[in-house]
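# Tertiary structure, described
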Amino acid sequence: MLKYSTYNSIYNNDDIKVSAPGNPTAHTNVTKIKESVLHSLAALSSLFRQVSLMKMVLVLMLVISGFTVVGNVFAGSVSSLKPDKRIVVERGDTLWSIAVSNKPEDMKTAVYIEGIMKTNHLENSVIKAGDILTLPLY
């Protein structure tokens, strides 16, 4: 070996002790390292399980709130219906004249006529005297 060298061999390091088959020092250190790694992995696994549990809870809450909103929309539309008004068509009446006299003030007449046609399942605007029309109430 060279007397003056900057090379440091791993075999010349005094801090590393190699244990003989009868000396359990190295085995004990390896066991401690394994235990600490396993403990860290268990903690990370628990954290990931909690995170996935939180994700599942969040998704479940979103699904439940979605069903609640949809249920309220459909239930609200049924409960918010007002009783319909029925009229008998007289001679000279048109859908326009009926709509003008029965529509809400802030509604366009054409929109109310569409509502009358939809409520009474009319395919066109032809009505005749004696017909009974159900008028939607808004």
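Notes on the structure in this doc start here. (Residues numbered from 1 in each chain as written. Predicted model: local features only at pLDDT ≥ 70, side-chain atom pairs only at ≥ 80, totals over all residues. Heavy atoms only, no water.)

### Observations concerning the packing of helix H2 (residues 95-102) against helix H3 (residues 109-119)
A pair of packed helices is characterised by two quantities: the angle between their axes and the separation of those axes. Two elements in contact, H2 and H3, have axes separated by 9 Å at closest approach and are oriented at 110°. As far as their axial angle goes, H3 and H2 are roughly perpendicular. For the pair H2 and H3, the contacting residues are Leu-95, Trp-96, Ile-98, Ala-99, Val-100 and Asn-102 in the first and Thr-109, Ala-110, Tyr-112, Ile-113, Ile-116 and Met-117 in the second. Tallied by class, residues from the contact of H2 with H3 come to 10 nonpolar, 2 polar and no charged. (Axes fitted to C-alpha atoms, helices over the stretch in contact; angles between N-to-C directions. Helix = DSSP H or I, 4+ residues; strand = E, 2+ residues; numbered from the N terminus. Parallel < 35°, antiparallel > 145°, perpendicular 65-115°, else oblique. Contact = heavy atoms within 4.5 Å. Nonpolar A, V, L, I, M, F, W, Y, C, P; charged D, E, K, R; others polar.)

### Re unusual backbone geometry
Apart from glycine, the bulk of residues carry a negative phi angle, and the bulk of peptide bonds sit in the trans form. The phi torsion at His-121 lies on the positive side, around 55°, for a residue other than glycine. Residue position: His-121 is located in the loop between H3 and strand E2 (132-135).

### Examining the nonpolar core
Of all hydrophobic cores here, the largest spans 13 residues; its most connected members are Leu-95, Ile-98, Tyr-112, Ile-116, Ile-127, Leu-133 and Leu-135. Of all the elements, H3 adds the most residues to this core, at 4 residues. In this structure Leu-95 touches Ile-113, Ile-116, Met-117, Leu-122, Ser-125, Ile-127 and Leu-133, once residues within four positions along its chain are discounted. (Core = buried A, V, L, I, M, F, W, Y, C linked by side-chain atoms within 4.5 Å. Buried < 20%, exposed > 50% of the residue type's maximum accessible area, 1.4 Å probe, protein only.)

### Some thoughts on H3
Those residues of H3 lying buried are Thr-109, Tyr-112, Ile-113, Gly-115, Ile-116 and Met-117. Where H3 is buried, its residues touch H2 and E2. Count one or two residues on from H3 and you reach His-121, which has phi positive near 55°.

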